[in-house]
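# Coordinates in review
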Amino acid sequence: MNLFDDDRTADREPDGADGETGITRRHLIRGGAAAGVVAAVAVASPVEVSATPTGPTSLRGGSRIRHGHRNPSLAFEAVAINEDDAVTVPGGYLAQVINPWGDPIEPGGPAFRFDARNTAADQARQFGMGHDGMALFEISRSRGLMVTNHEAIDAESILFPSAPDYSDTETVRKAQNAHGVSVAEIALRGGSWRTIRSRFARRITANTPMEITGPAAGHPLMRTSADPSGRRSLGTVNNCGDGRTPWRTYLTCEENFNRYFGTTAGGFTPTELMERYGVGEGDNPWWLGDPRFDLAENPNEPNRFGWIVEIDPFDRDAAPRKRTALGRLKHENAAFAEGRRGQAVVYTGDDERFQHLYKFVSRHAWRRGDWRRHPMRTSPLDDGILYVARFDDDGTGEWVPLVPGSVPGYASLAEILIDTRGAAAAVGATPMDRPEWIAVHPDQPGIAYGTFTNNTRRTEADAANPRANNRSGHIIRWHNDDGDHAATSFTWSMFALAGAGLGSGDGSTIPPGDAFGSPDGLAFDPDGRLWIQTDGSQPMPCNNQMLAADPLSGDIRRFLVGPKGAEITGWTMTTDQRTMFVNVQH
Ligand code: FEO
Ligand code: CA
Ligand code: CA
């Protein structure tokens, strides 16, 4: 979600229409007369949209595909910019809604209620709000587990009938249960994807028991009165982007966790560590009804958030694991790559102005060890080195290790990982224009791309952040030395400067007909086609959108435009590339 866009065009202004109970929620995507309901239900409430070709074309470009050769060409007709309250996709494709907020995660669960009077217990068995990252784990060609992040809520008149009173514990619980992650089983039946009954269906919320693993587990800063071990926490919040591992686990990323902490205690002063992460400025006052989020009572509780959390979607009894070796920051996503010696490499960005880009490299090859048999017991993600990026103006760069001895002022690895932002600044990492998603090229060795969404507070440009008052953002591509994702140095170049397009005078480098601003979600499909999703004000009259880019030719083309006021985020696809899933958040 866009918390930092000055323009606030993506702000959530629910229309509050709630009387159209005769309209089925599957029809909402068609817009038209149902537009107000889309704002109240589909826009304010997140949905997943699947785009499936209606004819013989597939998303992979039909006959232009040659097996054995990646062909990222764009074989669809661009959709025009628009501000319709609908999801627009190219001719030949069908968009349908699945898994909206408030639907049960499996048939037979508590039904969605337009009057928002469902209980906290109901919400714990329904899809959460604010869909963001997601991944499809296929079981067969027509069936799989869809794992979806729930980043944030629209509280007033959407999740609740009116403005919530967070001093009421039931109210806090309902909000907490609308956060987290959903695991649902979906199947293609009669040409439509739908949620089916499943032994895997599961909600993970802000109260689900978790284990804390890796170098920061057990550190005094991780201990609370409820958990003197510093190894067992409750819940995950503000789950933004995601990742997946080749050992079939899901990585969910905790982003703006600071929004849930505060206190009513007089004279409370946040610590330097809290201030570095904006803790104490929460706009979801859960502390009024849940003392766990009261900073005066539980000053270490925020240290137990801001992590990448590993989930085994195929084992609903396995507690999610907070993998502290990957650092504590406002994680956007977690993009997996394999190092040349088989190391697990995870790229992750810290989405705030002037924050940094990171990568973790595991000590051991991920195929070693027994985590493939017991993926949640041990993990290659618990032992390795976290690096932060320094982009030099000559087009080279360095991955600077955040390890004891090389980070001034930090005595232990646990301290470095708990205060990753402070450690990154101490080693001279490059402050970026809000790092968002990273996407790893499927077969070009050592190459990855990242979105840097905007930064209107930048006054001094540098080569990697080349525009002061950066309103529209950019996409950088980096090439690790020797084509090895585990390498400690890289070269980089600008892939695209977003904006109104060439000739507009805003410095953008993209075709004006397929222009975009505030790139955020980013993913490669198996053919090497790069999908770009936006979150923020667009430089022309258009809702948030998704475009495809051919990195070989530089061609960029608009594939989808979302409804009014929505963000388009999250991306996954069936392996036959006939159905793509994206989220319409808020
Ligand atoms: Fe959750 Fe940076 O978007
Ligand atoms: Ca985002
Ligand atoms: Ca964003």
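Because the structure is a prediction, the values reported are computed rather than measured.

When helices and strands are counted, the protein chain shows 6 helices and 30 strands. Within the protein chain, the fraction of its 586 residues that count as buried is 63%. Within the protein chain, counting contacts between residues at least 6 apart in sequence, those at least 24 apart form 65% of the total. Here the protein chain has roughly 20,100 Å² of accessible surface; of this, 48% comes from carbon and sulfur atoms.

Surrounding the calcium ion (ligand 2) are the protein donor atoms Glu-332 (OE), Glu-436 (OE), Asp-520 (OD) and Asp-520 (OD), which sit 2.2 to 3.1 Å from the metal. All donors to the calcium ion (ligand 2) come from one chain, and their sequence spacing reads E-x103-E-x83-D. A separation of 3.7 Å is found between the calcium ion (ligand 2) and the calcium ion (ligand 3), both of which receive a donor from Glu-436. In this pair, Glu-332 is assigned in the loop between β13 (321–323) and β14 (335–338) and Asp-520 in strand β25 (residues 519–524), connecting sequence segments 188 residues apart. Residue classification places Asp-520 among the buried residues on the basis of a relative accessible area of 1%.

Turning next to the sheet that holds strand β9 (residues 232–234). Strand order in the open sheet made by the 6 strands is β9-β8-β13-β12-β11-β10, with mixed pairing throughout. The open sheet has two edge strands with one neighbour each: β9 and β10 (239–244). When strand polarity is set aside, the average angle formed by the axes of neighbouring strands in this sheet is 35°. Of the pairings in the sheet, the one linking strand β8 (residues 209–213) to β9 comprises 3 bridges and is antiparallel in character. Within the sheet, the bridge partner assigned to Pro-209 lies in β9 and is Leu-234.

Another aspect to go through is the packing of aromatic side chains. On inspection of all chains with the given rule, the structure shows 27 aromatic pairs. Each member of the aromatic cluster is reached from another via a ring pair, and the members are Tyr-347, Phe-391, Trp-399, Trp-478, Phe-490 and Trp-492. Lying across the ring of Phe-305, Lys-322 places its NZ or CZ 4.1 Å from the centre.

Surrounding the calcium ion (ligand 3) are the protein donor atoms Glu-436 (OE), Asp-520 (OD) and Asp-535 (OD), at 2.2 to 2.4 Å. Mapped onto the polypeptide sequence, the residues donating to the calcium ion (ligand 3) form the spacing pattern E-x83-D-x14-D.

The next thing to look at is the side chain of Asp-550. Among the structural elements, Asp-550 can be located in the loop between β27 (545–549) and β28 (556–561). For Asp-550, the side chain forms a polar contact with the main-chain nitrogen of Leu-552, separated by 2.8 Å.

We now examine the pairing of strand β12 (residues 308–311). Burial along β12 is two-sided: the residues Ile-308 and Glu-310 and Val-309 and Ile-311 are all buried. Summarising the sheet, β12 and β13 pair through 2 bridges and their orientation is antiparallel. When the bridges of β13 are listed, Val-309 appears paired with Lys-322.

Spatially, β14-β15-β17-β18-β19-β24-β23-β22-β21 is the arrangement adopted by the 9 strands of the open sheet, whose pairing is antiparallel. Of all the strands in the sheet, just β14 and β21 (435–440) have a single pairing partner and so form its edges. With direction set aside, neighbouring strand axes in the sheet form an average angle of 30°. Relative to strand β18 (residues 384–391), strand β17 (residues 357–365) runs antiparallel, the two sharing 5 bridges. Bridge assignment links Val-361 to a residue of β18, and that residue is Ile-385.

Those residues of helix α3 (residues 169–177) not exposed but buried are Thr-171, Val-172, Lys-174, Ala-175, Gln-176 and Asn-177. Packed against the buried residues of α3 are α2 (120–123) and β7 (202–204).

Averaged over every residue, the pLDDT of the protein chain is 89; residues scoring 70 or more account for 88%. The low-confidence segment residues 1–46 (pLDDT under 50) makes 129 contacts with residues lying over four places distant or belonging to another chain. Note that residues 55–68 has pLDDT below 50 and, in this model, 32 contacts with residues that lie over four places away or in other chains.

Within the fold, Asn-239 resides in strand β10. A relative accessible area of 0% places Asn-239 in the buried class. A C-alpha to C-alpha distance of 9.9 Å links Asn-239 and Leu-251, two positions 12 residues apart in sequence. In this structure, Asn-239 is in contact with Asp-132, Asn-149, His-150, Glu-151, Gly-180, Val-181, Thr-252, Cys-253 and Glu-254, ignoring residues within four places of it in sequence. Side-chain polar atoms of Asn-239 contact the backbone nitrogen of Gly-180, separated by 3.5 Å. For Asn-239, the side chain forms a polar contact with the side chain of Thr-236, separated by 2.7 Å.

Attention now goes to the nonpolar core. Grouped together as the largest cluster of nonpolar side chains are 61 residues, with contacts concentrated most on Ile-153, Leu-159, Tyr-166, Trp-286, Leu-381, Val-388 and Leu-402. The set of elements that each furnish at least two residues to this core consists of α3, β11 (250–254), α4 (272–276), β15 (343–349), β17, β18, α5 (413–418) and α6 (420–426). Considering every element that reaches this core, the biggest residue donor is α5, with 4 residues. The residues contacting Val-388, other than those within four sequence positions of it, are His-356, Leu-357, Tyr-358, Glu-398, Trp-399, Val-400, Leu-402, Ala-424, Val-427 and Ala-429. Among the nonpolar cores identified, the runner-up in size contains 22 residues, and Ile-447, Ile-475, Ile-532 and Leu-547 belong to it.

With that settled, the discussion passes to the pairing of strand β24 (residues 489–497). Of the strand pairs in this sheet, strand β19 (residues 396–401) and β24 are connected by 3 bridges, and their pairing is antiparallel. From the neighbouring strand, Thr-396 faces β24, where its bridge partner is Thr-491. Across 7 bridges, strand β23 (residues 474–480) lies against β24 in antiparallel orientation. Looking at β24, one finds that Trp-478 is bridged to Trp-492.

Cut-off values and rules
- Residues numbered from 1 in each chain as written.
- Chains lettered and ligands numbered in written order.
- Predicted model: local features only at pLDDT ≥ 70, side-chain atom pairs only at ≥ 80, totals over all residues.
- Heavy atoms only, no water.
- Helix = DSSP H or I, 4+ residues; strand = E, 2+ residues; numbered from the N terminus.
- Buried < 20%, exposed > 50% of the residue type's maximum accessible area, 1.4 Å probe, protein only.
- Contact = heavy atoms within 4.5 Å.
- Areas by Shrake-Rupley, 256 points an atom, 1.4 Å probe, with all protein chains shown as cover.
- Donors = N, O, S within 2.8 Å, 3.2 Å for Na, K, Ca; no water.
- Pairing = 2+ DSSP bridges.
- Axes fitted to C-alpha atoms, helices over the stretch in contact; angles between N-to-C directions.
- Phe/Tyr/Trp six-rings, centres within 6.5 Å; stacked < 30°, edge-to-face > 60°.
- Lys NZ or Arg CZ within 6 Å of the ring centre and 35° of its normal.
- Polar contact = N/O pair within 3.5 Å; in protein donor to acceptor, adjacent residues only side chain to side chain.
- pLDDT = per-residue confidence, 0-100.
- Core = buried A, V, L, I, M, F, W, Y, C linked by side-chain atoms within 4.5 Å.

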